[in-house]
Amino acid sequence: MRKAIVLMMTLGFIAIITALVLYTLTISQKSFDEVAVIDAQNQFSITFKDFNYILNSITKDVNDSDTLNILLSSDIPPLTEPKTGIVIGFDMSSRMKKINLNMILKDLISSEGNCDQNVTTQILCRPLKRFFEIYGLNAEQTMIDLLIDTVDKDDLELGSETEIANDDIDFAQGRIYSYNHLDKIFKRYYDLSSDKNIFKIDREKFEEFFYFGDANKTTGMLDCKRDPMLEQTDTNKLKDAFFLLLPQQYLEEESDICALFKDDSAQMQNDAQLKEIKTLFRVGEFDSNDTKSKYLIECNLTLGTSSYEKELVFDYDIIHKRIDRIEESFSRQ
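What you see is a predicted model; the values in this text were computed from it and never measured.

Tallying secondary structure elements over the protein gives twelve helices and eleven strands in all. A buried classification covers 49% of the 333 residues belonging to the protein. The long-range share in the protein, meaning contacts at least 24 apart out of those at least 6 apart in sequence, stands at 63%. By element, 48% of the accessible surface of the protein is carried by carbon and sulfur atoms, the whole surface being about 16,200 Å².

Put into C-alpha cells, the structure is as follows:
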C-alpha cells in the first residue's frame, strides 16, 4: 500500500511539472528566441522558486529509505512547452551516498596530514589514498597537504608551497566549495609535482565518490542504502563510497552494507575498524525523524531554448524542507 501511494505521489510530481511548464513558462505569443536572454533569466528565476515549492510539497511523504529510493529513481524527461519551445529539465540524486570531502579534511587538520598517526587518521585518509591510487598519483601526500591547507584557516604550510592562499589572495580558504575550486588545487599540485596523472581526474570521476558539504559531521551521514555501480574489472569491485572506505577483506565479497553496519552484526561486534567508520562517517539509512541530520539531494534544473540555456545545481535538504546551498549556475548561448 505504501509503495502504491508513493508511486501515485511520483506520478503526481511529473504531472505538476508538466502543468508548471504549460502554465508558468508561457510568455504569450511572442517568440521566446527573440528575447532569449532577458526572458529566459526572468523565467528561470520564477521556475526555480516553483521547484522549491514543489520539492517542499512532494517530500512530505518521503519518510524512509524505500520512499526516498522511489522518488530518486523517478525518470523525469525534459519537457517542452508547445507555444514557445521552452525546454525544462529536472533531475535528482542523493548526495549522501558520497563522502563529504570537507568533513574528512577538517578532521585531519589536528594530525597535520599525518595519516599514520592512529587508526582514526588511517581511516580518514583511506578514501583519499585509494581514490588517488586509482589514477596513479605519484605525490599523494602533497595532494593531501594541499587539500588540508585549503580547509584550515592558518597560513602555515604542511608541505612546500602547499598554502595556495599565501600566493593568491583571491583563493578561498576554510572549505572546498565546488569542483571548480578543487580544480585550482589540482593545478597547483601539477605545478609542484609535474605529475600528469592529475589530469586523468575530471569532475564526473571525482563526484562519483565525493561531495563538497559543510564540515560539521554531526549534521551529515553516509547512506548505506545505495545503488552501487560496478567497476568493470577482473575483480568487479563496487564503485562507490564504501569501496573507498571498507577494510580490504570486505571488498572481496558482496555485502549488504546496511546489515554490515548494524550494531548487532557479527562483523560490527568483532571489528573495531567498522565501529570507527560508522562513528566517523555516521553510516546509516535515511530517516526523516532524525532532525539533527541533513539529508541532501542534488538537484539539477535546466531551462532553455534553441539559442539559450541556463543550468542551476543546488542541494535540497529533505529533512528540513529547504535549499541547503546553491552550488553552481551556468548560462550558455
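Once that is clear, we can look at helix α6 (residues 140-151). The end-to-end C-alpha separation of α6 is 17 Å, in line with the 16 Å expected for twelve residues at 1.5 Å each. When you tally the buried positions in α6, you get ten out of twelve residues, the bulk of the element. On the buried face of α6, the contacting elements are α4 (101-108), α5 (119-134) and α7 (179-193).

The next point concerns unusual backbone geometry. The phi torsion at S194 lies on the positive side, around 55°, for a residue other than glycine. Examined against the element boundaries, S194 turns out to sit in the loop between α7 and α8 (203-206). One non-glycine residue, R282, lies in the positive phi region at around 50°. Mapped onto the elements, R282 comes out in the loop between α12 (272-281) and β8 (283-284). Accessibility expressed as a relative area gives 26% for R282, which makes it partly exposed.

Next up on the list: the state of the cysteines. On inspection of all chains with the given rule, the structure shows two disulfides. Bridging C115 to C125, the disulfide has an S-S length of 2.0 Å. Taking the sign of the S-S torsion, about -75° here, the bridge from C115 to C125 comes out left-handed. With C115 in the loop between α4 and α5 and C125 in helix α5, this pair connects stretches of sequence that are ten residues apart. Note on accessibility: C115 and C125 belong to one class, buried.

Evaluation of the coordinates by the stated rule reveals ten salt bridges. The salt bridge involving D324 is made with K294; its shortest N-O contact spans 2.8 Å. Of this pair, D324 sits in strand β11 (residues 322-332) while K294 sits in the loop between β8 and β9 (296-304), and the two are 30 residues apart along the sequence. Here D324 falls in the partly exposed class, since its relative accessible area comes to 25%. Between R325 and D315 there is a salt bridge, with its nearest N and O atoms 3.4 Å apart. With a gap of ten residues between them, R325 in strand β11 and D315 in strand β10 (residues 309-317) connect regions that are remote in the sequence. The residues R325 and D315 share a single accessibility class, namely buried.

As enumerated under the stated definition, the model contains 13 aromatic pairs in all. Summarising the aromatic geometry, the rings of F131 and F210 are spaced 5.6 Å apart at their centres and angled 90° between planes, so their arrangement reads as edge-to-face. With F131 in helix α5 and F210 in strand β4 (residues 210-211), this residue pair connects regions lying 79 residues apart in the sequence. Look at F131 and you get buried, because its relative accessible area is 1%. Where Y179 meets F186, the ring centres are 6.2 Å apart and the plane angle is 80°; that geometry is what we call edge-to-face. Through a chain of ring-to-ring contacts, three or more aromatic side chains come together here, namely F131, F132, Y135, Y179, F186, F206, F209, F210 and F212.

Turning next to the nonpolar core. Core analysis: the largest hydrophobic core is formed by 57 residues, its most contacted members being L128, F206, F210, F261 and F281. For this core, the secondary structure elements donating two or more residues are α4, α5, α6, α7, α9 (241-245), α10 (257-260) and α12. Apart from the residues lying within four places of it in its own chain, the contact partners of L128 are L101, I104, L105, L108, I144, L147 and F210. In terms of nonpolar packing, the next biggest core, distinct from the first, is built from 27 residues, F90, M96, C299 and I318 among them.

Cut-offs applied
- Residues numbered from 1 in each chain as written.
- Predicted model: local features only at pLDDT ≥ 70, side-chain atom pairs only at ≥ 80, totals over all residues.
- Heavy atoms only, no water.
- Helix = DSSP H or I, 4+ residues; strand = E, 2+ residues; numbered from the N terminus.
- Buried < 20%, exposed > 50% of the residue type's maximum accessible area, 1.4 Å probe, protein only.
- Contact = heavy atoms within 4.5 Å.
- Areas by Shrake-Rupley, 256 points an atom, 1.4 Å probe, with all protein chains shown as cover.
- Expected span 1.5 Å × (residues − 1).
- Disulfide = S-S within 2.5 Å.
- Salt bridge = Lys/Arg side-chain N within 4 Å of Asp/Glu carboxyl O.
- Phe/Tyr/Trp six-rings, centres within 6.5 Å; stacked < 30°, edge-to-face > 60°.
- Core = buried A, V, L, I, M, F, W, Y, C linked by side-chain atoms within 4.5 Å.

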